[in-house]
Amino acid sequence: MFTFRETVNVALASIRANALRSGLTTLGIVIGTGAVITMVALGEGAQRAVEAQIERMGTNVLTVRPGQNWWRGVASGSVRLQESDAQALRNQMGGLYDIAPEIESRLQVSYLRWNSNNQIVGTWPSYFSIHERALTHGRLFSEGEAQGRQRVAVLGSDVPEVLGTPGALLVGRSIQIRGIRFEVVGVLAEKGSMGWSNPDEQIYIPLSTALYRVMGNRDRLRAIYVAAPSPEQLDPAWAEIDRIIRREHRIRPAEDADFQIQQASDFLETLGETAETFTMLLAGIAGVSLLVGGIGIMNIMLVSVTERTREIGVRKALGATRKAILLQFLVEALVLCVLGGILGVAAGLGSAELVTKLYGRDTAVAPEAVAVAMGFSAVIGLFFGIWPARRASVLDPIDALRYE
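Every value quoted in this text rests on a predicted model; they were computed, and no experiment measured them.

Procedures and definitions
Residues numbered from 1 in each chain as written. Predicted model: local features only at pLDDT ≥ 70, side-chain atom pairs only at ≥ 80, totals over all residues. Heavy atoms only, no water. Patch = residues over 30% accessible without salt bridge, like charges linked within 9 Å, V, L, I, M, F, W, Y side chains within 5 Å. Areas by Shrake-Rupley, 256 points an atom, 1.4 Å probe, with all protein chains shown as cover. Salt bridge = Lys/Arg side-chain N within 4 Å of Asp/Glu carboxyl O. Helix = DSSP H or I, 4+ residues; strand = E, 2+ residues; numbered from the N terminus. Buried < 20%, exposed > 50% of the residue type's maximum accessible area, 1.4 Å probe, protein only. Contact = heavy atoms within 4.5 Å. Expected span 1.5 Å × (residues − 1). Lys, Arg positive; Asp, Glu negative; His and termini not counted. Charge placed at Lys NZ, Arg CZ, Asp CG, Glu CD. Core = buried A, V, L, I, M, F, W, Y, C linked by side-chain atoms within 4.5 Å. Phe/Tyr/Trp six-rings, centres within 6.5 Å; stacked < 30°, edge-to-face > 60°. Lys NZ or Arg CZ within 6 Å of the ring centre and 35° of its normal.

Colleague: Go over a nonpolar patch on the surface, please, and point to the residues and values.
Modeller: A contiguous nonpolar patch, built from Leu20, Leu24, Leu27 and Ile31 and spanning about 430 Å² of accessible area, is present on the exposed surface. Positionally, leucine 20 belongs in helix H2 (residues 19-57). Residue classification places leucine 20 among the exposed positions, given a relative accessible area of 67%.

Listed below in structure tokens is the structure:
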């Protein structure tokens, strides 16, 4: 009688005897597991980045954006938000709420011999407190400078490097935006990319200066930001904004609004859901590699059963039971899949780290993902190893011994 330990040793000896074939057999499992780990790591990293962005933006900010004109239920073109809408919000909502309109355009920026193309943002000084922007050098432009259409600029943290000068040295000097001279009064601390834009690459100037001296779009704001004192006051703030803008645009309460009010985190949550969906899709595609690898293992195991028919006959003649033969081939399939899973996890972790270093993408490998990948590899080994193992176990010893 063959003991369990002897059966396992025979299975491992068979794998070692055919090391090259065993390695090629596990390749599909390695690729599949590695791809799954990498995709899940990218998705998890994107999800955590979105959560961090939500924290940075704050959960108490509402954004008013232009919508569309509606006539009898049909959209008929875009609507323009104006500075007067922001003024109405500031005048009628009281001092509890911070209001900041925003207009932006990508323009040519130059300093000495350096040139760059940056996003120029025109806004009010309250914009920086709403978005929790801190300074590293200099100061922010004042309310008086904003009302007086002064040519002053606050730079994002990445702009000094593009202009070839340290931020501390740029403060007090002049840069040119669209050929117009602006004095740099401050440099902001790093904020980080917000998915669709990078605030660190932007330059901020007073809204009045942008409207009347630089951009000329006097009636086309990109957005108006409203910060409530706390997240609990977002609902009454939303209702108040809706009432005021409707009055400014002469829209009755029962009519469709020509503007949109969004919570700052809504877009990022949608972005996170989209990233999660694509991650699941890519992980599913990568999972197909695992199935292909499993089929490859089943194919090799069937070939192995055919090649080792005489060996199976000898083992049965020496007293090996059907259960022992079944266990031997199951152990071989399981070891191949688990080994492939371990190598695949290592490859996935390495790939995730490589993506982070080469492309700057955030990645995070959850222990649950590793456990699921390993478990799935083991299940594939059992599933695709059962048929070859059963086929080997039911061989008649006499026929097996006579097999050539």
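Colleague: Explain the side chain of serine 208 residue by residue, including any values.
Modeller: Positionally, serine 208 belongs in helix H8 (residues 207-214). Take serine 208: its relative accessible area is 8%, and that puts it in the buried class. Excluding residues within four positions of it along the chain, serine 208 makes contact with Ala146, Gln147, Arg149 and Arg213.

Colleague: Talk me through helix H9 (residues 234-249); I want residue IDs and the actual numbers.
Modeller: With 16 residues, H9 extends 22 Å from end C-alpha to end C-alpha; this agrees with the ideal 22 Å at 1.5 Å per step. Among the residues making up H9, those that are buried are Leu234, Ala237, Ile241, Asp242, Ile244, Ile245, Arg246 and His249. Those residues of H9 that are buried lie in contact with strand S1 (61-66), helix H3 (83-92), strand S11 (223-227) and strand S12 (259-263). Just downstream of H9 lies arginine 250, where phi reads positive at about 55°.

Colleague: Account for a positive patch on the surface, with residues named and values stated.
Modeller: Together, Arg149, Arg151, Arg181 and Arg213 make up a positively charged patch on the protein surface. With respect to the helices, strands and loops of the structure, arginine 213 is situated in helix H8.

Colleague: Lay out the nonpolar core with the relevant residues and their values.
Modeller: Counting 43 residues, the largest nonpolar core has Leu89, Met93, Ile175, Ile177, Ile203, Ile205 and Ile241 as its most contacted members. In terms of nonpolar packing, the next biggest core, distinct from the first, is built from 19 residues, Met298, Leu302, Ala320 and Phe384 among them.

Colleague: Requested: an account of the packing of aromatic side chains, with residues and values cited.
Modeller: One pass over the full model with this rule turns up five aromatic pairs. Ring geometry for tyrosine 127 versus tyrosine 204: centroids 5.6 Å apart, planes at 40°, classification tilted. Taken together, the residues tyrosine 127 in helix H4 (residues 126-130) and tyrosine 204 in strand S10 (residues 203-206) connect sequence positions 77 residues apart. Relative to phenylalanine 141, the ring of phenylalanine 128 has its centre 5.5 Å away and its plane inclined at 75°; by these criteria the two rings are edge-to-face. Residue phenylalanine 128 is found in helix H4, and its partner phenylalanine 141 is found in the loop between strand S6 (135-138) and helix H5 (143-147); the two are separated by 13 residues along the sequence. Put simply, the rings of Tyr127, Phe128, Phe141, Tyr204 and Tyr225 pair up and form one aromatic cluster. The aromatic ring of tryptophan 114 is capped on one face by arginine 113, whose charged end is 4.3 Å from the ring centroid.

Colleague: Pulling in residues and values, what's your account of the environment of leucine 12?
Modeller: Within the secondary structure, leucine 12 sits in helix H1 (residues 4-17). Overall, the relative accessible area of 28% leaves leucine 12 in the partly exposed class.

Colleague: How would you summarise the pattern of salt bridges if you had to cite specific residues and measurements?
Modeller: Throughout the structure, instances matching the rule amount to seven salt bridges. Among the ionic pairs, glutamate 143 bridges to arginine 90, the shortest N-O distance being 3.6 Å. Here the residue glutamate 143 occupies a position in helix H5, and arginine 90 occupies one in helix H3, the gap between them amounting to 53 residues. By relative accessible area, glutamate 143 is classed as partly exposed at 32%. Judged by its relative accessible area of 30%, arginine 90 is partly exposed. Connected through salt bridges with shared partners, the residues Glu102, Glu104 and Arg222 form a single ionic network.

None of the figures reported here should be taken as evidence of function without further support.
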